[in-house]
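A closer look at the structure
Spelled out, the chains give:
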Amino acid sequence: MLQQGSWIIKPQDQTRYQLERKLGEGAFGEVWKARALYGGSFAVKILKKFTPSVFETWNNEVLIGLQANYHPHIVHMFDYFCDMQYSYYVIIMELANGSLESSLATLQRAFSPGQVKRIGCQILSALDKLHNLPGPVLHRDVSVKNILHFNNGVYKLADFGISRQLKGVSPISVGKTCLQNMVPPELISLGYTSTQSDIYQLGFVLLTLLLNRTPIGLDCSPEQIRILIGEGQPRQLAEQLVGTHGKVADCVSVMLRRRLEWRYQSAREALAALSQC
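Everything in this summary refers to the structure shown in the same document.

Reading the values: the criteria
- Residues numbered from 1 in each chain as written.
- Predicted model: local features only at pLDDT ≥ 70, side-chain atom pairs only at ≥ 80, totals over all residues.
- Heavy atoms only, no water.
- Patch = residues over 30% accessible without salt bridge, like charges linked within 9 Å, V, L, I, M, F, W, Y side chains within 5 Å.
- Areas by Shrake-Rupley, 256 points an atom, 1.4 Å probe, with all protein chains shown as cover.
- Salt bridge = Lys/Arg side-chain N within 4 Å of Asp/Glu carboxyl O.
- Helix = DSSP H or I, 4+ residues; strand = E, 2+ residues; numbered from the N terminus.
- Buried < 20%, exposed > 50% of the residue type's maximum accessible area, 1.4 Å probe, protein only.
- Contact = heavy atoms within 4.5 Å.
- Polar contact = N/O pair within 3.5 Å; in protein donor to acceptor, adjacent residues only side chain to side chain.
- Pairing = 2+ DSSP bridges.
- Axes fitted to C-alpha atoms, helices over the stretch in contact; angles between N-to-C directions.
- Lys, Arg positive; Asp, Glu negative; His and termini not counted.

Another aspect to go through is a nonpolar patch on the surface. Residues Leu-63, Leu-66 and Tyr-80 make up a contiguous nonpolar surface patch of about 260 Å² in total accessible area. Looking at where Leu-66 falls in the secondary structure, it is placed in helix α1 (residues 52-67). On the basis of relative accessibility, which here comes to 42%, the residue Leu-66 falls in the partly exposed class.

This next bit is on the environment of Gly-161. You can see Gly-161 is positioned in the loop between β10 (155-157) and β11 (164-165). The spacing of Gly-161 and Arg-140 is 21 residues in sequence and 9.3 Å in space, taken between C-alpha atoms. Once residues within four sequence positions are removed from consideration, Gly-161 is found in contact with Thr-57, Asn-60 and Glu-61.

Once that is clear, we can look at the side chain of His-71. Looking at where His-71 falls in the secondary structure, it is placed in the loop between α1 and β5 (77-83). Judged by relative accessible area, His-71 falls into the buried class, the value being 14%. In terms of polar contacts, His-71 uses its side chain to reach the backbone amide nitrogen of His-73, at 2.9 Å. When near neighbours in sequence (up to four residues on either side) are disregarded, His-71 contacts Ser-125, Ala-126 and Lys-129.

On the basis of which strands lie adjacent, the open sheet formed by three strands has the order β7-β9-β10 and antiparallel pairing. Whereas interior strands pair on both sides, the edge strands pair on one side only; in this sheet they are β7 (98-99) and β10. In this structure, β7 lies alongside strand β9 (residues 147-149), joined through two bridges in antiparallel fashion. Its bridge partner being in β9, Ser-99 is matched across the sheet by Leu-148. The strands touched by helix α3 (residues 113-131) within the sheet are β9 and β10, with β10 carrying the most contacts at an inclination of about 30°.

This brings us to the pairing of strand β6 (residues 88-93). Here β6 lies mainly inside the structure; six of its six residues are buried. Burial along β6 is two-sided: Tyr-88, Val-90 and Ile-92 facing one way and Tyr-89, Ile-91 and Met-93 facing the other are all buried. Looking at chain direction, strand β4 (residues 41-47) and β6 are connected through five bridges and run antiparallel. What sits directly across from Ile-46, in β6, is Val-90. Across six bridges, β5 lies against β6 in antiparallel orientation. Along β6, the bridge assignment pairs Met-77 with Met-93. The turn linking β5 back onto β6 is made up of four residues, and Ser-87 within it adopts a positive phi angle of 60°.

Structurally, Asp-198 is set in helix α5 (residues 195-211). Although Asp-198 is buried, it makes no salt bridge; Arg-140 carries the closest opposite charge, 7.1 Å away. Here the side chain of Asp-198 touches His-131 through a polar contact of 2.8 Å, side chain to side chain. Residues within four places of Asp-198 in sequence aside, it is in contact with Leu-127, His-131, Val-137, Leu-138, His-139, Arg-140 and Val-142.

Below is the structure:
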């Protein structure tokens, strides 16, 4: 059982990490702040069951992390290993100050257009890297909990647990993605996601920051959520902000367009537009 004070040990060289504080918990495991015996604090993701699906999640995150590890706006992975004694899959990452989710809860106010622009440009840079790898990567869970903040106003994209690396020439992916209220319209209407779906999700995040609330509440029924997404509720809310928030809100509205041909075609195109705001 994982608890404060427990040790996670890398079997290959006996590197030891002592758990200090739980940072989060998901379906397959937990993330802890930990201190290495040799010094330094880290975020340690621990997946707790040796099953094929858990291994696939861990292996997927490791393989994608290795390809994008040195991008300035993607969370850095220092190490990864299996603890055979306790049946843990482990990833050692850089420790953030918190997430956008925690920032919203602490500040209890909307972010300014300038702040939203800076955050958006940094994460679009990360998406541009992922989308242009030799096998393009769809993140599929760009959310306030997966955008982490560091010192000096640096923001980074985290968690590739449900990401998908595209194979061959197919530009689309079929499968699970994000929270219900952030589902891209094309997944509902066409049954797939693409790199443009990550742009939609980031637009949803940026609109959340401008509003200081989620554009579509999780208290709505699944059917209500599908209707609001189909009607373009997030885009409409962004367009209503253009008068007060200017070009930043306009860029966010384009990121949230329902039809792919009217949305930014790439993260690079969206980054160029947002940078000019």
